[in-house]
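Listed below, chain by chain, are the residues.
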Amino acid sequence: MSQSKPGNPTSANAAASRSLRQIVGRINLQQYVVYFGFLAIFLFFAITLGDNGFLSIRNLSNIVLQTAPATILAIGLVFVLSAGEIDLSFGSIVAVSALAAAVVMNEYGMVAGIAAGMGAGLLAGAINGTVVAFVRLPSFLVTLATMGLFAGIARSMTNLRSIPVLDGDFAGFFGSGSFLGIPSLIWWTVLAVAVGHFIYRETRFGAHVLATGDNPQAASVSGIKVARIRLYVLMLSGGLAGLAGLLYAGRLQAAKYTLGESDLMTVIAAVIVGGTLLHGGRGTIIGALIGSLMMGMLNNGLILMGLSVSDQMIVRGLIILAAVAVSLREKAR
Amino acid sequence: MSNTKPVLSLKDIQKHFGAVTAIENFSLDIHPGEIVALVGDNGAGKSTLIKIISGVYAPSSGTITIEDETVSMASAEIARSHGIEVVYQDLALADQQSVYMNMFLGREITNKIGMLDRKTMISETQKLVDELDVRIPSPHATIRDLSGGQRQGVAIARATRWAKKVILLDEPTAALGVAETAKVEEIVESLKRRNIGVLIISHSLDQVFRLADRVCVLRRGQQIGIRETAKTDKNEIIGMITGLQQSDAA
Ligand SMILES: Nc1ncnc2c1ncn2[C@@H]1O[C@H](COP(=O)(O)OP(=O)(O)O)[C@@H](O)[C@H]1O
Ligand SMILES: [Mg+2]
C-alpha cells in the first residue's frame with residue numbers, strides 16, 4: 001500500500017493520488033442524500049416560515065424533543081433492516097410497553113414500572129424474533145400479524161382507557177426533566193444514537209448483522225449464527241420500542257393505546273431516506289438520526305404553515321415518496 | 001509426492017441421501033503442497049465429497065484422517081478448526097461489504113475492549129492480496145464493484161488466510177473469462193509453495209493438466225481411479241469420466 005520510498009517524489013505522488021482515489025471511491029453519495037434533503041427542507045421552512053417562529057430556539061428544540069421516540073425506534077429499525085428483516089410491529093409495542101409501565105408504576109413504583117415497560121418491549125421483540133429466526137417465517141408477515149396482535153393487547157389491557165403516570169421522578173427522567181441544562185429527551189436521543197452507532201459500526205455483532213442481511217448463506221458458512229442474529233435484532237427493536245414507550249409516557253405523563261400508532265411510516269421513511277437499504281447489508285445510524293429529524297421538521301413546518309391535518313398527511317406522503325425515490329435511485333446506480 | 005505423510009486422508013467414504021447413493025466407497029490421500037483434481041460428470045458426487053470433507057454433510061460411513069488424527073467433521077466449524085477451508089462454487093462473499101471485512105467474515109479481529117480492529121484487518125488483507133497478487137483496487141473496495149476474477153481471488157485469498165492444511169475449491173473458474181481463469185490458476189499454483197494440500201473440482205481437463213499433480217475420477221458416485229497427470233493423458237481421463245473405461249477396482 002505505502003511501498004513508496006521516502007525521497008522518491010514520483011512514487012509518493014502516485015501513492016497520494018491513489019489513496020485520494022481510494023477515499024473518493026469509498027464515499028457513497030447515497031448516504032449523503034439525507035443531508036441535502038435535511039438542508040433543503042430546513043432552508044425552505046426558514047425562508048417561508050421565518051416570521052412564524054420556525055427558527056425560534058424554542059421551536060427548534062421542540063422538534064428535537066418530539067422526534068426522540070421516533071429516533072430511538074429508527075435505530076432499532078436500522079439493525080433489523082440491515083439484517084435483512086423488517087419490523088412492522090414496533091408502533092404497537094410502544095403502546096403495550098407504555099401501558100405496562102404506567103399500570104405497574106402506579107401500583108409498585110418507578111423502578112418496577114420501568115422494568116415492566118422494557119420487559120414488555122423485549123418480550124414482544126423476542127416473540128417476533130423467535131418466530132422469524134427459528135420457525136423461519138418471513139418477518140414481514142410475522143410482524144404484520146404481531147402489529148395487530150400487540151395493538152389488540154394494548155387496547156384490551158386497560159379497556160381503551162388512558163392511564164395517568166403520577167410518578168414525578170419518572171416524568172422528569174423520561175420526559176420533561178433536564179440534566180446539566182439539557183432536556184432528558186435529548187440525553188436519551190444522544191445516548192441511544194451513540195451506543196447504537198458504536199455497536200453497529202465498531203463491534204463484531206454489527207458486522208455480523210450486516211453480513212447476515214447481505215448474504216445469509218455466506219455468513220452462515222463463515223460461522224456466523226444467522227438465526228441468533230435475526231432473533232437479537234428483533235429483540236433490540238422491541239427493547240428500543242419499550243424505551244420509546246417510556247419516553248412517550250414520561251413526556252405526556254400518561255399512557256394510551258394510541259401511542260406509537262403513527263410512527264410506522266415516519267420511522268421507516270426516516271431510516272430509508274437516511275441511507276439504510278431496505279433489503280439488508282448496508283445502513284447508517286447517523287443517517288437515520290438525520291432522517292428522523294428531517295421528518296420531525298417536516299411535521300412541524302407543515303403545522304406552522306397552517307395546513308389541515310388531511311393536507312399535512314397528503315403533503316408528507318408525497319415528500320416521503322419523493323425522498324425515498326431519490327435515495328433508492330441513487331442506491332441503484 | 002508419496003514420500004511425505006498425507007495431510008488429509010479419506011478412507012472408504014460413503015454417502016447416501018435416502019435411497020440415493022451419492023458416494024460409494026471413496027478413498028484418497030492428499031499430501032502437503034499437492035494439487036489433486038477431482039473430475040466427473042454432473043451429478044457424479046464431486047460437490048457432495050467436498051461438503052463431506054468440509055463438515056457440511058456427515059458421511060454415512062468411512063473415516064477422515066488429518067495428519068494421523070482421525071477426526072469427525074461434525075460441522076463446518078470443526079473442519080475449519082482443523083485447518084480446512086473451502087472456496088464454494090457459488091461464491092460465499094458478502095457483496096456489499098468491503099474486501100477486508102469479507103476476508104475476516106465471522107472471524108473479525110477485535111481489540112481489548114471488543115472494538116473491531118479495522119487497521120489490522122486492512123493491513124493483513126493488503127499483505128495477503130499483495131503476496132497472492134490478487135489485483136484489487138484496495139482492501140476497502142466493495143465486493144460488488146469487483147470483477148468475477150477479483151472476487152474469486154478474494155475468496156481464495158480468504159481461504160489461504162485461514163487454511164493451515166487443506167483448501168477445497170469447487171469449480172473456482174467456472175464463471176470466469178480466459179484472463180481471469182489464468183490469474184486464478186496462478187493463485188492456486190502458488191498455494192503449493194505454502195505447503196497446503198489442494199483439492200480442486202474442475203470441468204476443464206486443460207486446467208486439470210496445467211495445475212494438478214494427480215487427478216481423481218468419479219462417475220455416478222463411484223471412484224473410477226486416480227492417475228498422476230504426468231503419466232496419463234486427456235483421452236484416458238475422458239474414457240474414465242464417460243465410462244468407456246471400467247473402474248480400476250472392477
Ligand atoms: N442434499 C441432497 N439431497 C439428496 N440428494 C443429493 C443432495 N446433494 C446431492 N445429491 C445427489 O447426489 C448426487 C451427487 O451430486 P453432486 O455432489 O452435487 O454432484 P456434482 O457436484 O459432481 O455435480 C446427485 O445425484 C445429487 O442429486
Ligand atoms: Mg457440483
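To start, this report covers the structure provided alongside it. (Residues numbered from 1 in each chain as written. Chains lettered and ligands numbered in written order. Predicted model: local features only at pLDDT ≥ 70, side-chain atom pairs only at ≥ 80, totals over all residues. Heavy atoms only, no water.)

Notes on the overall build of chain A
Alright, step 1. A tally of regular secondary structure across chain A gives 14 helices and four strands.
Alright, step 2. Within chain A, the proportion of its 333 residues that are buried is 50%.
Alright, step 3. Partitioning the contacts of chain A with sequence separation of at least 6, the portion at a separation of at least 24 is 77%.
Alright, step 4. Roughly 15200 Å² of accessible area belongs to chain A as shown, and the carbon and sulfur atoms make up 68% of that amount. (Helix = DSSP H or I, 4+ residues; strand = E, 2+ residues; numbered from the N terminus. Buried < 20%, exposed > 50% of the residue type's maximum accessible area, 1.4 Å probe, protein only. Contact = heavy atoms within 4.5 Å. Areas by Shrake-Rupley, 256 points an atom, 1.4 Å probe, with all protein chains shown as cover.)

Quick look at the environment of Ala227(A)
Residues and elements named next belong to chain A.
Alright, step 1. Looking at the secondary structure, you find Ala227 in helix α11 (residues 226-252).
Alright, step 2. Using a relative accessible area of 22% as the deciding quantity, one classes Ala227 as partly exposed.
Alright, step 3. Each C-alpha atom of the pair Ala227 and Leu77 lies 17 Å from the other, and the pair is 150 residues apart in sequence.
Alright, step 4. Not counting chain neighbours up to four residues away, the residues in contact with Ala227 comprise Ala133 and Phe134.

Digging into a nonpolar patch on the surface
All names here are of chain A.
Alright, step 1. Together, Tyr32, Tyr35, Phe36 and Ile286 make up a nonpolar patch on the protein surface, roughly 380 Å² of accessible area in all.
Alright, step 2. Its place among the elements puts Tyr35 in helix α2 (residues 33-49).
Alright, step 3. Under the relative-accessibility criterion, Tyr35 is labelled partly exposed at 31%. (Patch = residues over 30% accessible without salt bridge, like charges linked within 9 Å, V, L, I, M, F, W, Y side chains within 5 Å. Salt bridge = Lys/Arg side-chain N within 4 Å of Asp/Glu carboxyl O.)

Section: the interface of chain B and chain A
Alright, step 1. Taken together, the 29 residues of chain B in the interface contact 27 residues of chain A.
Alright, step 2. Ranking the residues of chain B by area buried against chain A places Gln96(B), Leu105(B) and His140(B) at the top, with a combined share of 22%.
Alright, step 3. Taken together, the links from chain B to chain A amount to two salt bridges.
Alright, step 4. Between Lys225(A) and Glu77(B) there is a salt bridge, and its shortest N-O distance comes to 3.1 Å.
Alright, step 5. Inspection of the chain B/chain A interface yields 13 residue pairs in polar contact (both at pLDDT 80 or more). (Buried area = accessible area lost by both parts, 1.4 Å probe. Polar contact = N/O pair within 3.5 Å; in protein donor to acceptor, adjacent residues only side chain to side chain.)

With respect to the nonpolar core
Alright, step 1. Grouped together as the largest cluster of nonpolar side chains are 102 residues, with contacts concentrated most on Leu8(B) and Phe26(B).
Alright, step 2. Listed in part, the 50 residues of the second largest apolar core include Val39(B), Tyr100(B), Met103(B) and Ile241(B). (Core = buried A, V, L, I, M, F, W, Y, C linked by side-chain atoms within 4.5 Å.)

Considering helix α4 (residues 118-132) of chain B
Alright, step 1. Taking 1.5 Å as the rise per residue, α4(B) with 15 residues should run 21 Å; its terminal C-alpha atoms sit 21 Å apart, in good agreement.
Alright, step 2. Within the sequence span of α4(B), burial applies to Arg118(B), Met121(B), Ile122(B), Thr125(B), Gln126(B), Leu128(B), Val129(B) and Leu132(B).
Alright, step 3. Taken together, the buried residues of α4(B) touch α8 (184-202) of chain A together with α3 (99-103), α5 (148-162) and α6 (178-191) of chain B. (Expected span 1.5 Å × (residues − 1).)

Here's the deal with the packing of aromatic side chains
Residues and elements named next belong to chain B.
Alright, step 1. This structure, assessed with the given rule, holds 13 aromatic pairs over all chains.
Alright, step 2. Relative to Tyr57, the ring of Phe17 has its centre 5.1 Å away and its plane inclined at 80°; by these criteria the two rings are edge-to-face. You can see Phe17 sitting in strand β1 (residues 8-17) and its partner Tyr57 sitting in the loop between α1 (46-53) and β4 (61-66), a full 40 residues away along the chain.
Alright, step 3. Given a relative accessible area of 26%, Tyr57 falls into the partly exposed group.
Alright, step 4. Above the plane of the ring of Trp162 lies Arg161, whose end atom (NZ or CZ) is 4.1 Å from the centre. (Phe/Tyr/Trp six-rings, centres within 6.5 Å; stacked < 30°, edge-to-face > 60°. Lys NZ or Arg CZ within 6 Å of the ring centre and 35° of its normal.)

Considerations on the site of ligand 1
Residue and element names in this part refer to chain B.
Alright, step 1. Lining the immediate surroundings of ligand 1 are Phe17, Ala22, Asp41, Asn42, Gly43, Ala44, Gly45, Lys46, Ser47, Thr48 and Tyr57.
Alright, step 2. A distance of 2.8 Å is found between an oxygen atom of ligand 1 and a backbone nitrogen or oxygen belonging to Lys46.
Alright, step 3. Within the side chain of Ser47, one N or O atom sits 2.8 Å away from an oxygen atom of ligand 1.
Alright, step 4. Across the complex, the protein chains shield 61% of the 560 Å² of accessible surface that ligand 1 would expose by itself.
Alright, step 5. No other element matches the three residues that α1 contributes to the shell around ligand 1.
Alright, step 6. Its residues placed into classes, the shell around ligand 1 shows four nonpolar, five polar and two charged. (Near = heavy atom within 4 Å. Nonpolar A, V, L, I, M, F, W, Y, C, P; charged D, E, K, R; others polar.)

Remarks on the pairing of strand β6 (residues 84-87) of chain B
Residues and elements named next belong to chain B.
Alright, step 1. Residues Ile84 and Val86 point to one face of β6 and Glu85 and Val87 to the other, with burial holding for every one of them.
Alright, step 2. In this sheet, strand β7 (residues 166-170) lies alongside β6 in parallel orientation, the contact comprising four bridges. Looking across to β7, one finds that Val87 is bridged to Leu169. (Pairing = 2+ DSSP bridges.)

Description of the pairing of strand β10 (residues 222-228) of chain B
Residues and elements named next belong to chain B.
Alright, step 1. Of the pairings in the sheet, the one linking strand β9 (residues 214-219) to β10 comprises six bridges and is antiparallel in character. The residue of β10 that forms the bridge with Val217 is Gly225.
Alright, step 2. Joining the antiparallel neighbours β9 and β10 is a turn of two residues, in which Arg220 adopts a positive phi near 45°.

Considerations on the packing of helix α4 (residues 90-108) of chain A against α11(A)
All names here are of chain A.
Alright, step 1. Running from N to C, α4 and α11 cross one another at 55°; their axes reach a closest spacing of 7 Å. One element, α4, and the other, α11, form an angle in the oblique class. Remark: the crossing between α4 and α11 carries right-handed chirality. In this structure, α4 uses Phe90, Ile93, Val94, Ser97, Ala98 and Ala101 to contact α11, whose residues at the interface are Ser237, Gly238, Ala241, Gly242, Ala244, Gly245, Leu246, Tyr248 and Ala249. (Axes fitted to C-alpha atoms, helices over the stretch in contact; angles between N-to-C directions. Parallel < 35°, antiparallel > 145°, perpendicular 65-115°, else oblique. Left-handed = near helix turned anticlockwise from the far one by under 90°.)

Regarding the pattern of salt bridges
All names here are of chain B.
Alright, step 1. One pass over the structure, following the stated rule, counts 20 salt bridges over all chains.
Alright, step 2. One salt bridge connects Asp213 with Lys192, and the closest N-O pair in it is separated by 2.7 Å. One end of the pair, Asp213, is in the loop between α7 (205-211) and β9; the other, Lys192, is in the loop between α6 and β8 (197-201), with 21 residues separating them in the sequence.
Alright, step 3. Judged by relative accessible area, which is 22%, Lys192 ranks as partly exposed.

Considering unusual backbone geometry
Residue and element names in this part refer to chain B.
Alright, step 1. Phi at Asn25 is positive, roughly 55°, even though this residue is not glycine.
Alright, step 2. Summarising the element assignment, Asn25 is placed in strand β2 (residues 20-30).
Alright, step 3. For Asn25, a relative accessible area of 40% translates into the label partly exposed.
Alright, step 4. Non-glycine residue Glu171 carries a positive phi angle of around 45°.
Alright, step 5. Considering the arrangement of structural elements, one finds Glu171 in the loop between β7 and α6.
Alright, step 6. The class of Glu171 is buried, set by a relative accessible area of 14%.

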